[in-house]
Amino acid sequence: MLADSQTPMSPFSQRSRHDLEENELTRALTRAKERGEVLDLTVSNPTTAGIAPLSDRGRLALASASVATYAPLPFGLPETRAAIAASTNDLGISLSAEDVMCTASTSEAYAWLFSLLADPGDTILVPQPSYPLFEYLAAYQSVRLVPYPLRYDGAWHVDLPALRELRAREPRARAVLVVSPNNPTGSTLKADELEAILDLDLPLVSDEVFLRYPIVERATPLLSALTATRGLVFVLSGLSKEAALPQMKLGWIALAGDRALHDEAKARLEVLADTFLSVGTPVQAAASVLLEDAHLARDRILARTRTNLATLDRVVAGTAATRLHLEAGIYATLHLPAIADEDTWVHTFLDAGVYVHPGAFFDFHEGPRVVLSLLTDETTFARGVGTLAATITTLVG
Ligand SMILES: Cc1ncc(COP(=O)(O)O)c(C=O)c1O
């Protein structure tokens, strides 16, 4: 059958339509790898980064006898929810197991919350720059993302006037999303920003997967939106980052804010969760041990990210590049001189044998920036940034 325009009707939905063409950078990366060694400074998989996050106790717990029984509970096993709730004690928070809902990942949590809060065509206010996956997660739920800016003036801030203005002129805004610490800026939500966001009178979804990765040492834990006592607040995290175990596929949503709003949120989410029942039993049975041991992997990651950041600062110090301020997470951003555009810089680095993410990948729009993963092993990282510095010096003259 032909549509009016005589174009063949596609059997596929608009929301599953993506540009499937390999982009030029991916092709250039393949060519560079064919030519020789490429130092990859975009490493994000902790299970292959020489960190060994799974403890022997964790392995044993995954093989325990209790994994043989299936208990199809929409929000997960009570002991799993209790273990997740107890894991927030180190933040000085007292979370009830009743307010924890297990998901297979943070991505699944986003999908559920977009379904819970928004209808097709509604909008979600999201930070920019931030996590590139939002675009896809939103497309699959047929919701629209409206970015609110994070501004840089030597430190990162939520542009609150811009956010308030967006809220006022977006009648279909259904939620505001916060990523704290943010990927890739490494910036964190401050108490006054949290209050201003709660004042917007929209449900708040706070992604806190990197909360326990403060690169800059501090005496107190980073602020969690779990401390909010008003509004409808959903805090997301999971073993993927908290325990550096993305393969376990256990994430969660924790409810905070005004308790009077919780009952209906839970009742609706329960039907959603019951429709999928996606979290496996073995990981739920092992969750308390995996969470108890998570600090071991985190300590190794923090030691690495801090070493790599110190290396980066030392090497970049004599060049025309600037490392942007950061507080937490696993990424660092370099601002480069505008003698070349961002694409040119990234391809020039690749020609020199180093692969970095262009800032555009995370929706940076302020001049040439590249993002480096501090999770990269120390030797590769030091060699990689050494090459970046030499390339910058050669280009700038
Ligand atoms: C901000 C942020 N949230 C969530 C995730 C992924 O979490 P999950 O593996 O639980 O989907 C990532 C992964 O990089 C991330 O950067």
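Residues numbered from 1 in each chain as written. Predicted model: local features only at pLDDT ≥ 70, side-chain atom pairs only at ≥ 80, totals over all residues. Heavy atoms only, no water.

J.: Account for unusual backbone geometry, with residues named and values stated.
T.: A cis amide bond, omega 5 degrees, links Gln128 with the succeeding residue Pro129. Within the secondary structure layout, Pro129 lies in the loop between strand E3 (123-128) and helix H5 (134-140). In the segment running from Asn183 into Pro184, the intervening peptide bond is cis, with an omega of 10 degrees. By secondary structure assignment, the location of Pro184 is in the loop between strand E6 (173-179) and helix H7 (191-198). A positive phi is found at Ala52, a non-glycine position, where the angle reads about 50 degrees. (Helix = DSSP H or I, 4+ residues; strand = E, 2+ residues; numbered from the N terminus.)

J.: I'd like to hear about the packing of aromatic side chains, residue by residue, with values.
T.: Inspection of the entire model under this criterion finds 10 aromatic pairs. An angle of 70 degrees between the planes, with centres 6.3 Å apart, marks the rings of Phe210 and Tyr213 as edge-to-face. Tyr213 carries the same exposure label as Phe210, and that label is buried. Ring centres of Phe361 and Phe362 lie 5.0 Å apart, and the angle between their planes is 85 degrees; on these two criteria the pair is classed as edge-to-face. Classification of Phe362 by relative accessible area gives buried; the value is 3%. (Phe/Tyr/Trp six-rings, centres within 6.5 Å; stacked < 30°, edge-to-face > 60°. Buried < 20%, exposed > 50% of the residue type's maximum accessible area, 1.4 Å probe, protein only.)

J.: So what about the domain arrangement of the protein? Which residues, and what values?
T.: The domain boundaries assigned to the protein delineate domain 1 (24-51 + 295-396) and domain 2 (70-293). Relative to domain 2, the C-alpha centre of domain 1 lies at a distance of 28 Å. Taken together, the contact between domain 1 and domain 2 spans 31 residues of the former and 32 residues of the latter. Together domain 1 and domain 2 conceal approximately 2700 Å² of surface at their shared face, both sides included; 61% is due to carbon and sulfur atoms. (Domains from an automatic or database assignment. Contact = heavy atoms within 4.5 Å. Buried area = accessible area lost by both parts, 1.4 Å probe.)

J.: Summarise helix H9 (residues 262-276); cite the residues concerned and give the values.
T.: What sets the pattern is the α-helix's 3.6 residues per turn: residues three or four places apart point alike. A rise of 1.5 Å per residue sets the reference length of H9, with its 15 residues, at 21 Å; its end C-alpha atoms lie 21 Å apart and thus fit the reference within 8%. Every buried residue of H9 is listed here: His262, Ala265, Lys266, Leu269, Leu272 and Ala273. Taken around the axis of H9, the buried residues stretch over an arc of 130 degrees, which confines them to a single face. Residues of H9 that are exposed and point over 90 degrees away from its buried face: Asp263, Val271 and Thr275. (Expected span 1.5 Å × (residues − 1). Arc of directions from axis to C-beta.)

J.: Tell me about the side chain of Asn183, residues and numbers included.
T.: Within the fold, Asn183 resides in the loop between E6 and H7. Excluding anything up to four places from it in sequence, Asn183 contacts Ser130, Tyr131, Phe210, Tyr331 and Phe362.

J.: Please give an account of the site of the ligand that cites residues and values.
T.: The environment of the ligand is made up of Ser105, Thr106, Ser107, Tyr131, Val179, Asn183, Asp207, Val209, Phe210, Ser240 and Lys241. Between Asp207 and the ligand, the recorded distance is 2.6 Å, taken from a side-chain N or O atom to a nitrogen atom. The separation between an oxygen atom of the ligand and a polar side-chain atom of Lys241 is 3.1 Å. For the ligand, whose free accessible area comes to 400 Å², the fraction covered by protein is 89%. Residue assignment for the shell around the ligand shows that the elements contributing at least two residues are helix H4 (106-117) and helix H8 (239-242). (Near = heavy atom within 4 Å. Polar contact = N/O pair within 3.5 Å; in protein donor to acceptor, adjacent residues only side chain to side chain. Areas by Shrake-Rupley, 256 points an atom, 1.4 Å probe, with all protein chains shown as cover.)

J.: Provide a residue-level description of the nonpolar core, including the pertinent values.
T.: In a soluble, globular protein the nonpolar side chains are often hidden away together inside. Judged by nonpolar contacts, the single largest core of 70 residues is most densely connected at Tyr148, Leu163, Leu204 and Leu239. Per element, the largest residue contribution to this core is 10 residues, and it comes from helix H10 (residues 281-316). Taken domain by domain, this core gets at least three of its residues from each of domain 1 (24-51 + 295-396) and domain 2 (70-293). Counting 31 residues, the second largest nonpolar core, distinct from the first, contains Leu25, Val38, Val346 and Phe349. (Core = buried A, V, L, I, M, F, W, Y, C linked by side-chain atoms within 4.5 Å.)

J.: Can you lay out a nonpolar patch on the surface for me, pointing to particular residues and giving the numbers?
T.: There is a patch of nonpolar side chains on the surface, built from Leu133, Tyr136 and Tyr140 and spanning about 270 Å² of accessible area. Mapped onto the fold, Leu133 is located in the loop between E3 and H5. (Patch = residues over 30% accessible without salt bridge, like charges linked within 9 Å, V, L, I, M, F, W, Y side chains within 5 Å. Salt bridge = Lys/Arg side-chain N within 4 Å of Asp/Glu carboxyl O.)

J.: Run through the packing of helix H3 (residues 78-86) against H10, naming residues and quoting values.
T.: Between H3 and H10, the shortest axis-to-axis distance is 8 Å and the interhelical angle comes to 20 degrees. In this view, H3 runs roughly parallel relative to H10, as classed from their interaxial angle. Regarding H3 and H10, the two cross each other, and that crossing is left-handed. Here Thr80, Ala83 and Ile84 of H3 come into contact with H10, specifically with Gln284, Ala287, Ser288 and Leu291. A class-by-class count of the residues in the contact of H3 with H10 yields four nonpolar, three polar and no charged. (Axes fitted to C-alpha atoms, helices over the stretch in contact; angles between N-to-C directions. Parallel < 35°, antiparallel > 145°, perpendicular 65-115°, else oblique. Left-handed = near helix turned anticlockwise from the far one by under 90°. Nonpolar A, V, L, I, M, F, W, Y, C, P; charged D, E, K, R; others polar.)

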